[in-house]
Amino acid sequence: MHTSHPAGRAVGPAGHRAAVATETAAFVAALDGADLTAPVPGCPEWNLRDLVKHTGSVQRMFSVLLRRRVQEPPRSREVELHLPTAEGGWADWLSASAAEAADAFAGTDPDAPMWAWGADQHARFWMRRMLFETLVHRTDAERALGRRPVIDPALATDGVDEFLTNLPYATFFAPHVARLRGEGETLRFRCTDTDGDWLVRLRPDGFAAEPPAGYAAAASADAGVRGTAADLLLLLYGRLDRGTDAVETMGDEALLTRWFTNSAF
């Protein structure tokens, strides 16, 4: 199943690597003086400590995959996490996780062939994936602490593209994605503050994002969502409710419900 990059990739591997560092630093800054037992609205079963542990663990696991240039799915996800021994050590541990990632990035050609679960079978897949794991969970931490997250529009646009590009391949850990089948129904996702614009077509064998083929084709999409790149990103990741005033929905309500019910990542 081929998935294109309709909005282009304005952010490349160098930008992804740099943003992992800046997003982690923002996450760490949010932890200053924070109660790590605070619940996380974006991840209802977790508290802030769980969120930090998950984010740093993902960074360390992906770093191991990059160093090994894995060519097949790893048999084990076990990596040495070096978890903090003191409750006050979580922020420093998360910073060290980002340092591990930076070290792995420095020794890796982003164009090196590598196994990946998504569309792009190169090391750059894991750099991009690590960024959006970190970025989305940074916003989770800030929202847990009562703050309003700010996301760079270019990064957010790239994040929407990354989500839609890889979602068709996510059925092994998000099985409901397999229900996103159809007879050619289309959904359009459009950014109001950047040129991000995607048309997703549901087919009998799956779905894929494709460039809107001119205004007429895009305008005739069966359903659509539009909002700022940041709000679209958070909506796709289930961090915003579809009924929020931050985004505008249009068209076939049942199709929108089917999409958002089954696209949880």
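The rules behind these values
- Residues numbered from 1 in each chain as written.
- Predicted model: local features only at pLDDT ≥ 70, side-chain atom pairs only at ≥ 80, totals over all residues.
- Heavy atoms only, no water.
- Helix = DSSP H or I, 4+ residues; strand = E, 2+ residues; numbered from the N terminus.
- Rg over C-alpha atoms; globule rule 2.2 N^0.38 Å.
- Buried < 20%, exposed > 50% of the residue type's maximum accessible area, 1.4 Å probe, protein only.
- Contact = heavy atoms within 4.5 Å.
- Areas by Shrake-Rupley, 256 points an atom, 1.4 Å probe, with all protein chains shown as cover.
- Lys, Arg positive; Asp, Glu negative; His and termini not counted.
- Charge placed at Lys NZ, Arg CZ, Asp CG, Glu CD.
- pLDDT = per-residue confidence, 0-100.
- Expected span 1.5 Å × (residues − 1).
- Polar contact = N/O pair within 3.5 Å; in protein donor to acceptor, adjacent residues only side chain to side chain.
- Pairing = 2+ DSSP bridges.
- Axes fitted to C-alpha atoms, helices over the stretch in contact; angles between N-to-C directions.
- 1 Å grid on protein atoms, 1.4 Å probe; cavity = no way out; pocket = protein on both sides within 12 Å on 5 of 7 lines; lining within 4 Å.
- Points joined across faces, edges and corners; volume = space filled by probe spheres on them.
- Nonpolar A, V, L, I, M, F, W, Y, C, P; charged D, E, K, R; others polar.

**Side note on the overall build of the chain**
Logical step 1: A count of helices and strands for the chain gives eight helices and five strands.
Logical step 2: From first element to last, N terminus to C terminus, the chain shows the α and β order α-α-α-α-α-β-β-β-α-β-α-β-α.
Logical step 3: A compact globule built from 265 residues would reach a C-alpha radius of gyration of about 18 Å, and the chain, at 18 Å, matches this within 12%.
Logical step 4: Along the first, second and third principal axes, the C-alpha atoms of the chain reach 55 × 40 × 30 Å.
Logical step 5: Counting the 265 residues in the chain, one finds 51% classified as buried.
Logical step 6: The contacts of the chain with a sequence gap of at least 6 include a subset with a gap of at least 24, amounting to 68%.
Logical step 7: Within the structure as shown, the chain displays about 11,900 Å² of accessible surface, and the carbon and sulfur contribution to it stands at 51%.
Logical step 8: Here the chain holds 27 positive side-chain charges and 36 negative ones, and the gap between their average locations is 3 Å.

**Description of the confidence of the model for the chain**
Logical step 1: Counting all residues, the mean pLDDT for the chain is 92, and 94% of those residues have values of 70 or more.
Logical step 2: In this model, residues 1-8 is a region of pLDDT below 50 whose contacts with residues beyond four sequence positions or in other chains number 33 contacts.

**Focus on helix α2 (residues 48-68)**
Logical step 1: Its 21 residues place the ends of α2 31 Å apart at the C-alpha level, agreeing with the 30 Å of an ideal helix rising 1.5 Å per residue.
Logical step 2: Burial of α2 is extensive: 15 of the 21 residues sit out of reach of the surface.
Logical step 3: Sitting at the amino-terminal end of α2 is N47, which places a side-chain oxygen 3.1 Å from the backbone nitrogen of R49.
Logical step 4: Of the residues one or two after α2, R69 is the one with positive phi, at around 50°.

**With respect to the sheet that holds strand β3 (residues 206-210)**
Where strands meet in a sheet, backbone hydrogen bonds hold them as pairs that are either parallel or antiparallel.
Logical step 1: Strand order in this open sheet of five strands is β3-β2-β1-β4-β5, and the pairing throughout is mixed. One side of each edge strand has no neighbouring strand; the edge strands of this open sheet are β3 and β5 (248-251). Ignoring which end each strand starts from, the neighbouring axes of this sheet average 15° apart.
Logical step 2: Pairing geometry for strand β1 (residues 186-191) and strand β2 (residues 197-203), over five bridges, is antiparallel. In the strand pairing of β2, R188 is matched with L199.
Logical step 3: Running over the sheet, helix α5 (residues 153-166) touches β1, β2 and β3 and is turned about 10° from β2.

**Focus: the layout of surface pockets**
Logical step 1: Taken as a whole, the largest pocket spans an internal volume of roughly 780 Å³.
Logical step 2: What lines the largest pocket is a set of 30 residues, and nearest its centre among them are H54, V58, M61, R77 and E133.
Logical step 3: Put simply, the parts of the chain that give the lining of the largest pocket at least two residues each are α2 and α4 (123-144).
Logical step 4: Taken together, the residues of the lining of the largest pocket sort by class into 20 nonpolar, five polar and five charged.
Logical step 5: Reported here for the second largest pocket is a volume of approximately 250 Å³.

**Re helix α1 (residues 13-30)**
Logical step 1: The terminal C-alpha atoms of α1 lie 26 Å apart, and with 18 residues this matches the ideal 26 Å at 1.5 Å per residue to within 8%.
Logical step 2: Looking only at α1, the buried set comprises P13, H16, A19, V20, E23, T24, F27, V28 and A30.
Logical step 3: Where the residues of α1 are buried, they touch α2, α3 (90-106), α4 and α5.

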